[in-house]
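For reference, the chains in residue letters:
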Amino acid sequence: MDKLSQPSKRSNRYEQNRSLNTISRMYDNHFDRDLHEKPWISLGIFKTDKMIKYEHSDAGLSFHNIKIKKLRTFQELWEKNQEIYNKSSEHQGFRQFREFQDLQEEDIIITIEYCTNCEEHKGSTKHVEEKYLQTAINLKNEILARFPICKVILKPLIYDHLDHSIDTMFIQRRLGCFEVQCMSKQRGIVRSQVVYSKLNQKEWPEFPRIINRLPFFFKKVTFNLEFKFNGSDQILSNVEVKIQPYRPNQQLRTTSRQRNEVHSQSMRTFDKDFVKEQQQTLRPQSTNQLRPQSTTQTRPKSAYSTLSAQSQKSMKSKQLTSEQQEEYYRVEKTNKDGKIVLKDVPLDIYEIIIEETNDFMSENQKINLFDIVDKNQPLEKIVYLRKQTHSCICVQIFCEFTPISECKVELIPIKGGKEAILKETPIQSGKYEIVVEPGQFKVLIKKIGYHVQEQGITTKSGVCNYQIELKRAKQDEGYDPVADALEKKLSIKPSLDLYVKKPKFLSPPSDAFQKIDLIQFQFIDLVQKQPVQDVYIRVYDDQNNKLYSYRSNQDGLCKAFLQNKIAKGKIKIEHEYYYPKQIDINENYQLSTTQLNLNYIIRKPQNGQIVILIENREPKFNDFYILQENRQIIQTNNHIKQSQNQADGIQYIEFNYSSSMKDILQLFACLPSLKQLETVKQLHVLTPYSDNTYKIPEIINENPHGPYFWMIGSLKEPYDQFDVVNEIINTPSLKNYPNLVKTQNQIATKCAFQSPVYLIATNKNQSLSIIDLDTYSEKQNIPNAFTDQVQQIVVWDEDNVAILDQTGQISWFRRDEINQKYQESAKLLLGKPSLSMVKANDSLVVGTSDSIAFVSVRIDLRNVTLTLDEQIEATNKIFNMLTISNDQIVVLFENQLIVYKIEKSLDRPLNGTQIKQFPLQKGYQIRNNAILQIVTLDQRYLIFGGFEGILHTLNIDTLERTNNYSYSEEQTNTILQTDDVIIFTSGSNVSVFQAPETLQEIKTHVIRNFESPIPLYKGECVTYEKRLISFSATGQLLVWSLQNKEFPAISSFLNQTEFPRELRPKNESYILIEGKIPKENLYLYLITENGEIIKDTVEGLVKFVDNRAEGYFYMTINNQKQQGLWRIGAHMLNTELIKSSQPKIYYIYKNGYQIIQLPHQLPQSRKQIYNWFIGTMIPKQEQIKLVSLYTDQQIVGRFATLESTKHQGKINQLQQLNQDQYITAGEDKKVIIWDINTFQPIKILMHEAEILTIFQFNGMIITGSKEGHIVFWKLSDSIWSQELKFKHHEKGVYGICHVDGSLVTSSEDRKMHLVNINTGALEHIESVDRTFVISVVQFAKDSFAAGFPDGRVKTYKREKTGPKIILKTLRTVVTVKVQHLLLQPQFQLFVAGMEKISDIINVDTGNKLRQLKEGHQGAVLCSIQHPRFVLTGGSDGRFVIWNVEKGISVKTQELMKEEIRGMILANKLLITASSNGAIRIWQEIQPLIDNIPQEEEIE
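Residues numbered from 1 in each chain as written. Predicted model: local features only at pLDDT ≥ 70, side-chain atom pairs only at ≥ 80, totals over all residues. Heavy atoms only, no water.

Student: Sorry, what's going on with the sheet that holds strand 8 (residues 240-245) here?
Tutor: Each strand in a sheet pairs with another by means of backbone hydrogen bonds, the pair being arranged parallel or else antiparallel. Ordered by their spatial adjacency, 4 strands build an open sheet running 9-8-11-12, and the pairing between neighbours is antiparallel. Two strands lie at the open edges of the sheet, namely strand 9 (330-333) and strand 12 (363-368), each paired on one side alone. The mean angle between the axes of side-by-side strands here comes to 25°, regardless of whether they run parallel or antiparallel. Judged from the 4 bridges that link them, strand 8 and strand 9 form a sheet pairing that is antiparallel. Bridging from a neighbouring strand, Lys242 pairs with Val331 of strand 9. (Pairing = 2+ DSSP bridges. Helix = DSSP H or I, 4+ residues; strand = E, 2+ residues; numbered from the N terminus. Axes fitted to C-alpha atoms, helices over the stretch in contact; angles between N-to-C directions.)

Pasting the structure below:
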């Protein structure tokens, strides 16, 4: 027995061949897997550093010793494997190669990672390196051949096998890889995915499958297809079209041997003639032939296969499942206009396939979207179809409901021609077919034992089905083939028509005359759940051309006896008080013969009622609210009722008409979470005449802010029509959402109000719409009313309208007194591009491209006559015109305003006389689409301009300039004045002002300023009955109420239970964490504005509530005590435990809450402590600014307190403007003015090119651009506007300063200019040698210093000798390569260098004083002067504090990875600008500087 307990050393061969009788005596020595599979220590028997491990063989149970140190090695290896696994799952198998970092817009980068150096690991694998390389090259060539817009990069798997680091081991685990990755950037959205992974699939790739997946990363476009008959404009509607990517040599499934051939050779293409022949086969086919054939090729069973049958079966199942999930085609139907709109289709080559029908022949065309987009061609195509030319005659022969086969069926043309015999297809089916040209025929059916049957038929194009019944004959009667042969002498041969082919779908009718089936129907009221009596039902059998009709009894039941099983047909359900319903019978829906066919029907509302019916999948209901125009919220009243059926989840909202209600009502539901919408099945809008069904709106990606609102729609008196919106919106959108949204059939571009109740709108499709404002519905539409874009609508009176288009054509429309319809009455073509038109002195005045045209108008009872009388040549470009009195107009030119008096007499034609003129000097910004309008207050004021939202005002009577105004960054489109309000619209922005008494009071009387949630089309609008009416960019008519009422608090829509843990704030906010996590592993803390970390409750400021036993804990913050920026952090230990707990984290504020996620790349560690920077609280803002950063250090001093990104690209300049504002400028051509207190942009000034430098002078901002432009921006009437602009340099301007009345500018063109500061006139040009001046700074009234990148600083003096102004060179100092200059006290100049080192020189004497080293590792990009120090920021992301007197760095701190391109100190905050466009706020830097002792030593 002692020997049996020792490990057996016999060979495997010996053990396997031993007899069972030999080892049967050892059966009692059992091996229990649960007991013996792990090593264990038996105390007192083995040494302390050893343990035993059992083994089981045919010799029985044995054990051997294991050293504990060896297990420790296994433990370390397991930890390394875990790290490698975490590294792999961090990006879900996607490797971030360096090429992906430079991804640009519309780039598509594909990487193919493949195994290489296979000789080094051939001991454990059988890899063939040449196969991997050749497969990668073949795939690359295939992709580039298909998609030339892609960039394909081969990435061989290379590593050092002697390196045992985690990164190398991670790469080593990818041996045998063939990984295809794709990353693209479309419309700013980056998509990345592993397209194919050999490591996961365990097999070589199939090229077709990879090719089919790549287009999902391409740019998506909308493409229009239109279908017509060839040579005809007939519209083809409801045509089924199959659209699929064009893959000429693609096989979706291949065997392993075939895949290897594909990788070693170029892919074979199909025989085009063979494909064409298969597609155009018209021959009738049997049922078996028409049955879809599987293209799957399974591997033959082999005794040498390394895979078991079960493994092969599972792999095959897995392969089929994945293939079934990939659909490479779609089937669409043309709409009523014969068109198909393909939305968001990726760029590709598509194949359009139309199967042959009774009306047209088959068609196959290809569309190359790559070429269309590349050539900027229209994204549309017209497909012409050929009409059907032949008939397929299908004759079914039966006798006593039994099909008769083996008949002789003859087809004889009546008008002469060759006879033919029909072929039985399939055999023994009793169905006979032939394809011939349409005509009149006689059919003879002959069979022994039956009478000869004769029937005349007339065929048409397509399938023609006929059923003929034979009658049995008595003995010695009926058809005699011998007599028939003698009569004809020769047998009838098949006609050549038999070879005319037909499409696959022209198959014979299905087998008929089956047994009679009993079908039972029951009809139930959907809401009341009661059976419905007297329901009339009609069942249509389309295949057998039969109709059955029945009526339900008092139990809602009816029994239907159907002669044949209906494979295709329809059911029509009708009732006097219920909506009709139709159900299609097809392969997706079949009538049941064993169960009750249950149908729910909906009852019609009564007249004067509208019902909103919501079907829920389960009895969970949403809260619905009705918003009135006065912004009051109601749920029920005497005319509005809501009900719920708790049994089946039906919600019922009923609106009853009342003459006392004159309001627009909005219906919406409050959704604290988007998951609540998942319970909704569908929405019904019920009127007495229609039941409109809507699916739930597409659920948007849930952002971290709640709640959401489901906007159902609106209705207006007399409440007989409900306008559906059916859209998910957020809280800001709800507050500004239009009270009414009506969908139009066209996009309106211009509109005008015509008394009494009409809105005249011109549309983008050159039609004219007349809209009744009582019902907001289109009363009349006049197509092709004009030829080009409309410039002006002039409402002449209640019956006449004049319209001017861009070509100079005036169209006059007049309303008929009898039918109240508008008709075109007159036209006048001026022949010049025209911009504006007004009415004056019963005439029309038109502003053309080069003149003012005067058109006389004569109106009588029948006709309207338009006559061009006179034209005045215009010296400048005309932007707009306006009538200011009956006989006076004002014309806005490029550089002046002119008032004309319009006169006419019997002996003199219509003309205009100039009576006033006002020049528009600098400071006025007049551009195309300039606004021109009158506002009447205490006096009459002319408001004009509107470029970038800046409006200029002028007193009409005195032509005195008054204040400027600005309410938006966009072009002002409309200015409206009513008795109560003044309205400005700019793009989608609307500003409403309570009617002030003076012009100065406009700024203080704003009552509503909002941006439309639905983008407007140029902001054209009118007012009617205290409502604002406009049009959206997609053609919707939008109506806002102008009642001055406050919107109710969003919290009023939320119940206490809808806040997480019922924490409903008042004057505080909460950070809540739900999860059973111990306090030592996770707790919250608050960082105040002075950097103090608060972890325990402070009365009146912070309160911590710990209910971890119940699964949650939270922190309460008193927002009223907040003075500056507060940060919220979390202490985390054992992140593996925290992640596995899956905590839910909320920031809860008064009107909702934010959902916070753990940092995405948070490492999993059991011992490492991390501090999570959750976000920043900004004073007077409800929501928190989420950051989601983490560090293994303290948050204070590690991260910026706040970060904002408004620039796209690097920032070149950051300067403080005043105590409360600072400015930034960058390569995105923007100058942004920021508020220091709110950290929000105040104004954005747009430049024409990248801005390189900024200079401030006398309250003005002077900017220099990369293209050489200099622009002066001036603040006037609290509005920033362009004061002066000029260009004297040929290249970018890098330096600007002021000396003695002149502006000094330096440029990359190696020139310095002296420019008059007032006029912009060039005074002097100074050329420089070797290189250009990169920075200039003034150090005396008439002197300045200039820095050169080659290491020189020159000083210049401005001198005036007579009328000439020159620059005199004072001295040159050799120094470091200059990046920029900073002037210090006592004529000291800080010279920031490009290469780590900076100098301090005396600019007056030219002496070099000190050199500053050991601070930066790159260029010194920015610097500011502190009372004690000089602060610098560099390209290395470092912030350095310098003691200039000693020439040493006092403190060095690495703030960021990006370049620090600008910084300022303001309000005890350090503000930095980086190369990635980010503005960062640092709270700890100012206290750090203040705490530096006077005698600080070198670090």
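Student: Would you take a moment to explain the packing of aromatic side chains for this structure?
Tutor: Aromatic ring pairs are reported here in terms of the distance separating the ring centres and the angle at which the planes meet. One pass over the full model with this rule turns up 25 aromatic pairs. Ring centres of Tyr1112 and Tyr1114 lie 6.3 Å apart, and the angle between their planes is 0°; on these two criteria the pair is classed as stacked. For the residue pair Tyr1112 and Tyr1114, the accessibility class agrees, reading buried in each case. Grouping aromatic residues by their ring pairs yields a cluster made of Phe94, Phe97 and Phe100. Positioned above the aromatic ring of Phe229 is the side chain of Lys387, whose terminal nitrogen or guanidinium carbon lies 5.1 Å from the ring centre. Its end group placed over the ring of Phe1348, Arg1352 keeps NZ or CZ at 4.3 Å from the ring centre. (Phe/Tyr/Trp six-rings, centres within 6.5 Å; stacked < 30°, edge-to-face > 60°. Buried < 20%, exposed > 50% of the residue type's maximum accessible area, 1.4 Å probe, protein only. Lys NZ or Arg CZ within 6 Å of the ring centre and 35° of its normal.)

Student: Explain the pairing of strand 59 (residues 940-945) to me, please; I cannot follow it from the model alone.
Tutor: The side chains of a regular strand alternate between the sheet's two faces. For strand 59, a buried count of 5 out of 6 residues is recorded, marking the element as mostly surrounded by other parts of the structure. Looking at chain direction, strand 58 (residues 931-936) and strand 59 are connected through 6 bridges and run antiparallel. Its bridge partner lying in strand 59, Val935 is registered against Tyr941. With 5 bridges connecting them, strand 59 and strand 60 (residues 950-955) associate as antiparallel partners.

Student: It is not clear to me how the sheet that holds strand 77 (residues 1169-1177) should be interpreted in this structure. Could you clarify?
Tutor: Strand order across the open sheet formed by 5 strands is 71-70-74-77-78, with antiparallel pairing between neighbours. At either margin of the open sheet sits one strand with a lone partner, and together these are strand 71 (1093-1094) and strand 78 (1185-1191). Bridge count between strand 70 (residues 1082-1087) and strand 74 (residues 1126-1133): 6 bridges; the pairing is antiparallel. If you follow Tyr1085 over to strand 74, its bridge partner there is Gly1129.

Student: Which parts of the structure should I look at to understand unusual backbone geometry?
Tutor: Among all residues save glycine, negative phi is the norm, and among peptide bonds the norm is trans. The step from Thr425 to Pro426 runs through a cis peptide bond, and the omega angle for that step is -10°. Residue Pro756 is reached from Ser755 by a cis peptide bond, and omega for that bond is 5°. Assignment of secondary structure puts Pro756 in the loop between strand 42 (748-754) and strand 43 (758-763). A positive phi angle, close to 60°, is found at Phe1387, a residue other than glycine. In this fold, Phe1387 is placed in the loop between strand 96 (1378-1383) and strand 97 (1388-1393).

That is the geometry; function is a separate question.
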